[in-house]
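Descriptive analysis of the structure
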Amino acid sequence: MRVVESRREVAEWVAERRAAGDRVAFVPTMGSLHEGHASLFEVARRNADWVVGSIFVNPLQFGPTEDFERYPRDLEGDGKIAREAGVELVFAPSVDEMYPAGEQWIYVVPESGVDALCGRSRPGHFRGVLTVVAKLFGIVRPDVAVFGRKDYQQLVLIRRMVDDLELGIEIVGAPTIRDRDGLAVSSRNAYLSAEERRRALGISAVLRACQELYASGERDGLRLRDRMLEVRAAGVEVEYAEVVDPSTLASLSTVTDGAVCAIAAQVGRTRLIDNLVLGG
Ligand code: AMP
């Protein structure tokens with residue numbers, strides 16, 4: 001496995017393989033890699049001949065009061081996980097390498113799909129995400145890119161960006177990996193104390209409860225939402241809990257298969273998100 005920092009090196013590496021007729025898959029990450037990322041690398045492997053991962057904590061997608069500075073960074077541990085997952089090339093640029101001109105003139109700003117879920121409380125977040133993903137796509141130029149459904153709104157917006165801007169990259173969504181206790185694996189779980197982690201389990205528990213309610217015939221979006229809000233009893237501060245349409249992210253009053261129960265909550269100082277596709 002090679003680790004490169006320069007845009008030119010990664011571009012040449014990928015271009016060589018694609019010129020030879022091989023397929024290249026790309027998995028962008030912010031590092032602090034865990035089983036969730038490893039599963040994306042495996043999905044990438046099944047979709048291509050070569051797997052490229054990137055590790056970049058993108059300042060543009062963090063708000064001024066968010067955790068950019070303290071976001072966990074562990075390039076050594078990341079190298080081990082990526083190597084074990086069979087990644088052939090890791091692109092780990094510096095901020096200057098990614099933003100050589102300093103301030104961008106041009107950003108990718110979503111006009112729709114951001115007045116829902118995380119977009120409401122994180123102004124500018126998806127502008128930062130889409131801009132860096134577009135730049136990474138432009139540098140790496142993969143055939144296919146893999147994203148986790150854990151960040152559901154992000155996946156929907158990236159699909160729309162690729163369609164609306166005709167970027168010609170296949171987007172694959174991968175299932176959420178959970179710890180044995182049900183907690184969705186996340187780099188931010190490292191912030192949780194043992195006691196906070198116990199409280200955080202309430203989040204996946206209410207999602208499972210919604211799945212059961214749905215299986216037993218519940219189709220009222222508001223009643224499912226109320227069930228999600230019961231997580232408050234576990235000592236979790238809910239930012240949003242919604243049942244949304246899987247492609248428009250609009251809140252649903254009547255739900256059908258494929259609808260997404262999505263929740264964001266604060267546990268202590270840590271913001272966690274999770275979701276579950278009903279009937280799936
Ligand atoms: P991040 O490093 O948190 O920006 O995430 C990089 C990619 O990994 C994104 O596509 C995430 O959706 C995905 N991801 C993060 N956590 C998980 C998880 N528990 N299961 C599956 N994918 C995940």
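Let me sum up the structure you'll find in this document. Just so we're clear, the structure is a prediction, and the values are computed from it rather than from any experiment.

Those residues of helix α9 (residues 221–229) lying buried are Gly 221, Leu 224, Met 228 and Leu 229. The buried residues of α9 occupy an angular sector of 145° when the element is viewed end-on, so they sit on one face. Where α9 begins, the capping side chain belongs to Asp 220, and its oxygen is found 2.8 Å from the backbone nitrogen of Leu 222.

So, on to the layout of surface pockets. Empty space within the largest pocket amounts to approximately 380 Å³. Taken together, 18 residues make up the lining of the largest pocket; nearest its centre are Ser 112, Leu 157, Arg 160, Met 161 and Asp 164. Here the lining of the largest pocket gets 6 residues from one element, more than from any other, and that element is helix α7 (residues 152–164). The class makeup of the residues in the lining of the largest pocket is 10 nonpolar, 4 polar and 4 charged. Volume-wise, the second largest pocket comes out at about 270 Å³. Surrounding the second largest pocket, 13 residues form its lining, Thr 65, Glu 66, Asp 67, Arg 269 and Arg 271 being those nearest its centre. Broken down by class, the residue content of the lining of the second largest pocket amounts to 1 nonpolar, 4 polar and 8 charged.

Moving on, we get to the sheet that holds strand β4 (residues 89–91). Spatial ordering of the open sheet is given by β1-β4-β3-β2-β5-β6, a layout of 6 strands whose pairing is parallel. Of all strands in the sheet, those bounded by a partner on one side alone are β1 (2–4) and β6 (170–174). Adjacent strand axes in the sheet meet at a mean angle of 25°, parallel and antiparallel pairs treated alike. Alignment of strand β3 (residues 50–55) against β4, held across 3 bridges, turns out to be parallel. Counted as the bridge partner of Val 52 is Leu 89 from β4. Against the sheet, helix α2 (residues 35–47) contacts β2 (24–29), β3, β5 (144–148) and β6, and its axis sits at roughly 150° relative to β5. Across the sheet, helix α6 (residues 125–140) is in contact with β2, β3, β4, β5 and β6; its angle to β2 comes to roughly 145°.

Right, let's talk about the packing of aromatic side chains for a bit. This structure, assessed with the given rule, holds 6 aromatic pairs. When the ring of Trp 13 is compared with that of Trp 50, the centres are 5.5 Å apart and the planes differ by 85°; the resulting orientation is edge-to-face. One end of the pair, Trp 13, is in helix α1 (residues 7–19); the other, Trp 50, is in strand β3, with 37 residues separating them in the sequence. A centroid spacing of 6.2 Å and a plane angle of 45° characterise the contact between Phe 56 and Tyr 99, whose relative ring orientation is tilted. Of the two residues, Phe 56 is situated in the loop between β3 and α3 (75–84) and Tyr 99 in the loop between α4 (95–98) and α5 (117–121); the sequence distance between them amounts to 43 residues. Residue classification places Tyr 99 among the buried residues on the basis of a relative accessible area of 9%. An aromatic cluster of at least three residues, connected via ring pairs, comprises Phe 26, Phe 137 and Phe 147. In this structure, Arg 17 packs its charged tip against the face of Trp 50, placed 4.6 Å from the ring centre.

With that settled, consider the pairing of β3. When you tally the buried positions in β3, you get 5 out of 6 residues, the bulk of the element. A crossover connection joins β2 to the parallel β3 through α2; in handedness this β-α-β unit is right-handed. Assessed by its sense of winding, the connection that carries the chain from β3 through α3 to β4 is right-handed.

All right, on to the site of the ligand then. Surrounding the ligand, one finds 17 residues, the nearest of these being His 37, Gly 148, Asp 151, Ile 177 and Val 185. In this structure, an oxygen atom belonging to the ligand sits 2.8 Å away from a main-chain N or O atom of Gly 148. Protein contact buries 92% of the 480 Å² of open area that the ligand shows by itself. For the ligand, the cavity whose grid points lie within 2 Å of the majority of its atoms is the largest cavity. At the level of secondary structure, the elements contributing two or more residues to the shell around the ligand comprise β2, α2 and β5. Ranked by the residues each element gives to the shell around the ligand, the list is headed by α2, at 3 residues. Of the residues in the shell around the ligand, the class split is 8 nonpolar, 7 polar and 2 charged.

About the thresholds
Residues numbered from 1 in each chain as written. Predicted model: local features only at pLDDT ≥ 70, side-chain atom pairs only at ≥ 80, totals over all residues. Heavy atoms only, no water. Buried < 20%, exposed > 50% of the residue type's maximum accessible area, 1.4 Å probe, protein only. Helix = DSSP H or I, 4+ residues; strand = E, 2+ residues; numbered from the N terminus. Arc of directions from axis to C-beta. Polar contact = N/O pair within 3.5 Å; in protein donor to acceptor, adjacent residues only side chain to side chain. 1 Å grid on protein atoms, 1.4 Å probe; cavity = no way out; pocket = protein on both sides within 12 Å on 5 of 7 lines; lining within 4 Å. Points joined across faces, edges and corners; volume = space filled by probe spheres on them. Nonpolar A, V, L, I, M, F, W, Y, C, P; charged D, E, K, R; others polar. Pairing = 2+ DSSP bridges. Axes fitted to C-alpha atoms, helices over the stretch in contact; angles between N-to-C directions. Contact = heavy atoms within 4.5 Å. Phe/Tyr/Trp six-rings, centres within 6.5 Å; stacked < 30°, edge-to-face > 60°. Lys NZ or Arg CZ within 6 Å of the ring centre and 35° of its normal. Right-handed = clockwise from strand over helix to strand, strands pointing away. Near = heavy atom within 4 Å. Areas by Shrake-Rupley, 256 points an atom, 1.4 Å probe, with all protein chains shown as cover. Sits in = over half its atoms within 2 Å of the grid points.

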